[in-house]
Amino acid sequence: MSIETIVTRAWQRQALWLWLLLPISWLYGFITILRRQAYKIGLLASYRAPIPIMVIGNISVGGSGKTPLIIALVNELQSRGVKVGVVSRGYGGDTSQMPALVNIDSLPNIVGDEPCLIVSMTGAAMAVCPNRQQAVTTLLDAYPDLQLIIADDGLQHYALQRDIEWIVVDAARGFGNEQLLPTGFLREPMSRLEGANVIYHEKLETGAVYQDNNTLPLASRSTMHLMPDKLQRLWQLKLTDAKATDSKVKIDMPEKGSQVHAVSGIGYPQRFFGTLDSIGFEVIGHPYSDHYDFSLAELLQYRDYPIVITSKDAVKIRALLVEYTSKQALSDEYEELASRLWVLPVTAVLSDSCYDNLDEQLKILGIQSDPDISIKTT
């Protein structure tokens, strides 16, 4: 078991031994404050892009729903006629090949899994690089007519000046023991939320899935929730008639009430497991660390039942299958594995107050959009 897994599980159960790390958290907090102030007063240089920057981030470690939110925002802005691009660190990609533009054919081991997912779902112009200035300039060189750039997970990247900040808070997970790293899972103190535009990621109530979104009540504060869609097959098998009748090759979609292996390498796997449970599956959970690099051989251990994965993990596992089949046909065991792989897509549903804030912020920045053609669903 990795140190990351041990600490993550300790955060989840708020283990008492974490308080032994409090002096390190104090030091981390002191350095965090100094660093932010150094950017504020100009001791450390920061970059001002020629067009507005909207940062989407959080103050905690682990998944909070940023990627689905970004996808929803990009789709919304595109529907209004706003030319929007996205920049990201490209975590999990090959930094030696960055800055790099992301397109529909990009590979997750080159540009990262989340950028691949964002582009596949939106078709947006996107660039990746740990140096966000280089990512922005690369993006604008290729797409000079952009009006707005969304920076994925750039809240603590103060070297990039921003015009809008949206901070995502996982309302179900909360803030744990409310301590900074490593005693707790906060990157910045909770005071960072004061006066900020905070989006509370709330849990979708059991039984609300597959219903008309307009029937779901949302609080007056800015909120979002993830609406699961129907399962989708990860890999389209090319089976002969003989193999198609083989009982070992399971073609049918898993039914509610059936057992499934839930394999997840995201920041907060328990949310994924809970979603599957809420729509009626009997979940056998297999959590992995965020951005985990799966192998096909590793997935073979999950037998007898369908395997359900997230859209983010699907990007990497599909790439593995593409790479394998480019060299040789799937073996019988890999073909059987591929037949059991299913993806659970989710869509971020935002409250009206989120869109009201967006309208106001775009107006202040002088970005014209047409809210009357909005695709929002709340």
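So, here's what we can say about the structure.

Quick notes on the rules
Per chain, residue numbering runs from 1 following the sequence as it is written. In keeping with the predicted nature of the model, local features appear solely for residues at pLDDT of at least 70, side-chain atom pairs appear and are counted solely at 80 or more, and the whole-chain, interface and lining totals rest on all residues. With hydrogens and water stripped out, all remaining heavy atoms of the structure feed into the side-chain values. Here, nonpolar core refers to any group of buried Ala, Val, Leu, Ile, Met, Phe, Trp, Tyr and Cys residues whose side-chain atoms link them within 4.5 Å. Working definition: with a 1.4 Å probe on protein chains only, accessible area under 20% of the residue-type maximum means buried, over 50% means exposed, and in between means partly exposed. Secondary structure elements are taken from DSSP: a helix is a run of H or I of four residues or more, a strand is a run of E of two residues or more, and numbering for both begins at the N terminus. Contact between two residues is taken to exist if any of their heavy atoms lie within 4.5 Å; hydrogens are not considered. All axes here are fitted lines through C-alpha atoms, helices being fitted over the stretch that makes contact, and every angle between N-to-C directions spans 0 to 180 degrees. Under this scheme an angle from 65 to 115 degrees is roughly perpendicular, one under 35 degrees roughly parallel, and one over 145 degrees roughly antiparallel; angles in between are oblique. Each crossing gets its handedness from the near helix: less than a right angle anticlockwise from the far helix is left-handed, clockwise is right-handed. Each residue gets one of three labels, nonpolar for Ala, Val, Leu, Ile, Met, Phe, Trp, Tyr, Cys and Pro, charged for Asp, Glu, Lys and Arg, and polar for the others, Gly among them. Definition used for salt bridges: Asp or Glu carboxyl oxygen within 4 Å of a side-chain nitrogen of Lys or Arg. Should DSSP find at least two bridges between two strands, the strands are regarded as paired.

With respect to the nonpolar core
Moving on, step 1. In this structure, Trp166 and Leu350 are the most contacted members of the largest nonpolar core, which totals 72 residues.
Moving on, step 2. For this core, the element with the most residues is helix 3 (residues 66-79), which contributes 7 residues.
Moving on, step 3. Core analysis: the next-biggest nonpolar cluster, separate from the first, contains 22 residues, Leu234, Leu300, Leu330 and Val343 among them.

Points about the side chain of Lys66
Moving on, step 1. Its place among the elements puts Lys66 in helix 3.
Moving on, step 2. Ignoring anything within four residues of it in the chain, the contact list for Lys66 reads Ile56, Gly57, Asn58, Asp152, Asp153 and Val168.

What about the packing of helix 3 against helix 5 (residues 113-122)?
Moving on, step 1. Look at helix 3 against helix 5: their axes get within 10 Å of each other, and the N-to-C directions meet at 30 degrees. Here helix 3 lies roughly parallel to helix 5, going by the angle between them. Note on packing geometry: the crossing formed by helix 3 with helix 5 is right-handed. Note on element contacts: helix 5 touches helix 3 through Glu114, Leu117, Ile118, Met121 and Thr122, opposite Thr67, Ile70, Ile71, Val74, Asn75 and Gln78.
Moving on, step 2. Class assignment of the residues belonging to the contact of helix 3 with helix 5 gives a composition of 6 nonpolar, 4 polar and 1 charged.

Regarding helix 8 (residues 269-278)
Moving on, step 1. Counting buried positions along helix 8 yields 7 of 10 residues, so the element is predominantly enclosed.
Moving on, step 2. Considered for burial, the residues of helix 8 that qualify are Pro269, Arg271, Phe272, Phe273, Thr275, Leu276 and Ser278.
Moving on, step 3. Remark: Gly280 follows helix 8 within two positions and exhibits a positive phi of approximately 105 degrees.

Some details on the pattern of salt bridges
Moving on, step 1. Here the structure, examined in full by the defined rule, presents 16 salt bridges.
Moving on, step 2. Here Asp163 makes a salt bridge to Arg48, at a shortest N to O gap of 2.9 Å. Here the residue Asp163 occupies a position in the loop between strand 5 (148-152) and strand 6 (164-170), and Arg48 occupies one in the loop between helix 2 (22-41) and strand 1 (53-57), the gap between them amounting to 115 residues.
Moving on, step 3. The closest approach of N and O atoms between Arg192 and Glu188, which form a salt bridge, is 3.4 Å. Glu188 matches Arg192 in its accessibility class, with the two residues each being buried.

A look at the sheet that holds strand 12 (residues 307-310)
Moving on, step 1. Strands sit in the order 9-13-12-10-11 across an open sheet of 5 strands; the sheet is mixed. Single-partner strands in this sheet number two, and they are strand 9 (232-233) and strand 11 (282-287).
Moving on, step 2. Bridge count between strand 10 (residues 259-264) and strand 11: 6 bridges; the pairing is parallel. When the sheet's bridge partners are listed, His261 is paired in strand 11 with Ile284.
Moving on, step 3. Here helix 10 (residues 311-325) sits on the sheet and contacts strand 10, strand 12 and strand 13 (341-344); the angle it forms with strand 12, its principal contact strand, is near 115 degrees.

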